[in-house]
Amino acid sequence: MIQDTINIKINSTPKSRVSEVDWENLPFGKVFSDHMLIMEYSNGEWGQPEIMPFGNLSMHPATSAIHYGQSIFEGMKANRTVDNEVTIFRPEMNALRFVESCERMCMPTIPVDTFVELVRKTVEIDKNWIPSKEGFSLYIRPFMFATDEFVGIKPSESYKFIIFTCPVGAYYSEPVNVKIEEFYTRASVGGVGRAKTAGNYGASLYPARLGQANGFHQLIWTDGKEHKFIEESGTMNVIFMIDGKMITPSEDADTILRGVTKRSVIEIAASWGIPVEERKVTVEEVIEAARSGKLQDAFGAGTAATIAHIAKIGFRDEVFTLPGLETREISNKIKKYLDDLKTGKIEDTLNWCLKV
Ligand SMILES: *Cc1c(COP(=O)(O)O)cnc(C)c1O
């Protein structure tokens, strides 16, 4: 196994900051664990990864990623189990997606086994930062960006790969209101929508802000050509329950991020015998279902929130209120199943949780 050959240099912090954390008031993504891992690429190869105290980076003003956007990331979570073990949820799926993002953005790849082992080590060194409180976890953020010091557009020849971690609580405290967006576009066919690359998120801020001004937490993106088909939400894939069927946009289009959470939800639902349809989903059928009371459930699926129930869907001048959360049996059951799996309350028969 390749992981035995990875030699990580470890420079651990002389003084942990973990005792300073206010666990009762833990804002998402603002508290950082003691260490980070950095691995640099130059002259056609990756250098030795190093774990070091978390801290600032110093950068040349012409650092290529800042100007031209060769920058990609991942997001996953580690949890503490009821037996006080630590597990990471399906990290090899993130490693595979990272490779896809690298390729689309002309960046050097990291082998799946190496990526997973680097993540594992970064979590291991800060395992004291993994909250045991229910609903809490350690968010893991691997990312890579171009570091050539050069003005001009070409793929960079040097890169930094970094992993840091953040203890986090729940992402959304309440169900979300979403608006179906029919003018702005997140991704277009042939573009970079399938890659988890920085610019996709920068581009979404302005339309999202317009939605927020009207009381919507998030947008539901539609296809860039006709705005006829549902794609996904901000950093979540979207799943509907219509008339007893689970329906979600297929990922054949290269405009949709292939979510690990969505894949897991679908696999669980299918294994429970729930009919699942991955296909093109029209705005019209969702609105029609909402109007006729057949839209039983709608939710976002993503690592940060796992499952974020949708309370209201805005479409043109109308707002549709979905059934109460207590009626959303299937998504509630799947959410509980995923939480129980991650925290070791049920047996991991699918082998989804990597032990740290
Ligand atoms: C990260 C992300 C998702 C969710 O993916 P997960 O692997 O489930 O976390 C969905 N859509 C977009 C645009 C994303 O960036």
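Within each chain, residue numbers correspond to sequence positions counted from 1 in written order. Local features in this predicted model are restricted to residues of pLDDT 70 or higher, and side-chain atom pairs are both shown and tallied only at a pLDDT of 80 or more, whereas totals for entire chains, interfaces and linings draw on every residue. Derived side-chain values reflect all non-hydrogen atoms in the structure, with water molecules and hydrogen atoms excluded from consideration.

*Asks:* Could you give an account of the layout of surface pockets, naming the residues involved and the relevant values?
*Replies:* As defined here, a cavity is a set of points on a 1 Å grid over the protein atoms alone where a 1.4 Å probe fits but cannot get out. A pocket is an open set with protein on both sides within 12 Å along at least five of seven lines, and residues line them when an atom is within 4 Å of a point. Grid points are joined across faces, edges and corners, and a volume is the space filled by probe spheres set on the points. Of the voids in this model, the largest pocket is the one considered here, and its volume is about 740 Å³. Together, 34 residues line the largest pocket, and Glu134, Gly135, Phe136, Lys335 and Asp339 are the ones closest to its centre. Where the lining of the largest pocket is concerned, the elements lending two or more residues are strand E6 (76-80), strand E17 (306-315) and helix H7 (329-342). Ranked by residues supplied to the lining of the largest pocket, first place goes to H7 with six residues. Note that domain bounds follow an automatic or database assignment of domains. Composition of the lining of the largest pocket by domain shows at least three residues from each of domain 1 (9-168) and domain 2 (176-342). Of the pockets and cavities examined, the second largest pocket occupies roughly 600 Å³. As for the second largest pocket, its lining consists of 30 residues, and the residues nearest its centre are Phe73, Tyr139, Arg141, Lys196 and Thr235. Helix and strand assignments follow DSSP, with helices taken as H or I runs no shorter than four residues and strands as E runs no shorter than two, numbered in order from the N terminus. Looking at the lining of the second largest pocket, the elements with two or more residues in it are strand E8 (137-146), strand E9 (159-168), helix H5 (260-271) and strand E16 (295-302). Residue contributions to the lining of the second largest pocket peak at three residues, all from E8. Split by domain, the lining of the second largest pocket shows at least three residues from each of two domains, domain 1 (9-168) and domain 2 (176-342).

*Asks:* Explain a nonpolar patch on the surface residue by residue, including any values.
*Replies:* Residues qualify for a patch when their relative accessible area is over 30% and they have no salt bridge, like charges being joined within 9 Å and the nonpolar side chains of Val, Leu, Ile, Met, Phe, Trp and Tyr within 5 Å. Shrake-Rupley sampling with a 1.4 Å probe provides the accessible areas, and residues are treated as covered by the protein chains on show and by no other component. Counted as salt bridges are all cases of a side-chain nitrogen of Lys or Arg within 4 Å of a carboxyl oxygen of Asp or Glu. Taken together, the side chains of Leu57, Met59 and Ile66 make up a nonpolar region of the molecular surface, amounting to roughly 280 Å² of accessible area. Inspection of the secondary structure assignment puts Ile66 in helix H1 (residues 64-68). A simple rule labels every residue: compare its accessible area, found with a 1.4 Å probe on the protein chains alone, to the largest value its type can have, and call it buried under 20%, exposed over 50%, or partly exposed in between. The class for Ile66 is exposed, based on a relative accessible area of 55%.

*Asks:* Explain the site of the ligand to me, using residue names and the numbers behind them.
*Replies:* The near set for a molecule or strand comprises every residue that places at least one heavy atom within 4 Å of it. Around the ligand, the structure places 15 residues, and the nearest of them are Lys196, Tyr201, Glu232, Thr261 and Thr303. Identification of polar contacts relies on pairs of N or O atoms within 3.5 Å, with a donor-acceptor requirement for protein atoms, meaning one able to donate a hydrogen and the other able to accept it, and with residues adjacent in sequence counted only if both atoms are side-chain atoms. In this structure, Arg97 approaches the ligand through a side-chain N or O atom, which is 2.8 Å from an oxygen atom. Here the ligand has 380 Å² of accessible area as a free molecule, and 97% of this is covered by the chains. More than half of a molecule's atoms lying within 2 Å of a cavity's or pocket's grid points is what places that molecule inside it. If you map the ligand onto the pockets, it falls in the second largest pocket. Classification convention: Asp, Glu, Lys, Arg as charged; Ala, Val, Leu, Ile, Met, Phe, Trp, Tyr, Cys, Pro as nonpolar; all other residues, Gly among them, as polar. Grouping the amino acids of the shell around the ligand by side-chain chemistry returns four nonpolar, seven polar and four charged.

*Asks:* Go over the domain arrangement of the protein, please, and point to the residues and values.
*Replies:* If you check the domain split of the protein, you get domain 1 (9-168) and domain 2 (176-342). Look at where the C-alpha atoms of domain 1 and domain 2 centre, and you get two points 27 Å apart. Contacts are assigned to residue pairs with any non-hydrogen atoms lying within 4.5 Å of each other. At the junction of the two partners, domain 1 supplies 22 residues and domain 2 supplies 21 residues. In total, domain 1 and domain 2 occlude about 1800 Å² of area from one another, counting both sides; carbon and sulfur atoms represent 58% of this. Accessible-area loss on putting two parts together, using a 1.4 Å probe and summing over both, is the definition of buried area adopted here. Contact with domain 2 buries surface across domain 1, with Phe73, Phe89 and Arg97 losing the most and accounting together for 34% of the total. Here domain 1 is connected to domain 2 by two salt bridges. Put simply, domain 1 and domain 2 have 13 residue pairs in polar contact (both at pLDDT 80 or more) between them. Considered class by class, the residues forming the side of domain 1 that touches domain 2 number eight nonpolar, eight polar and six charged.

*Asks:* Outline the nonpolar core, supporting the account with residue identities and numerical values.
*Replies:* Grouped together as the largest cluster of nonpolar side chains are 50 residues, with contacts concentrated most on Val123, Met144 and Phe161. Formed by 21 residues, the second largest nonpolar core is a distinct cluster that contains Val176, Ile180, Leu295 and Ala298. Residues enter a nonpolar core if they are buried and are Ala, Val, Leu, Ile, Met, Phe, Trp, Tyr or Cys, with the set joined through side-chain atoms within 4.5 Å.

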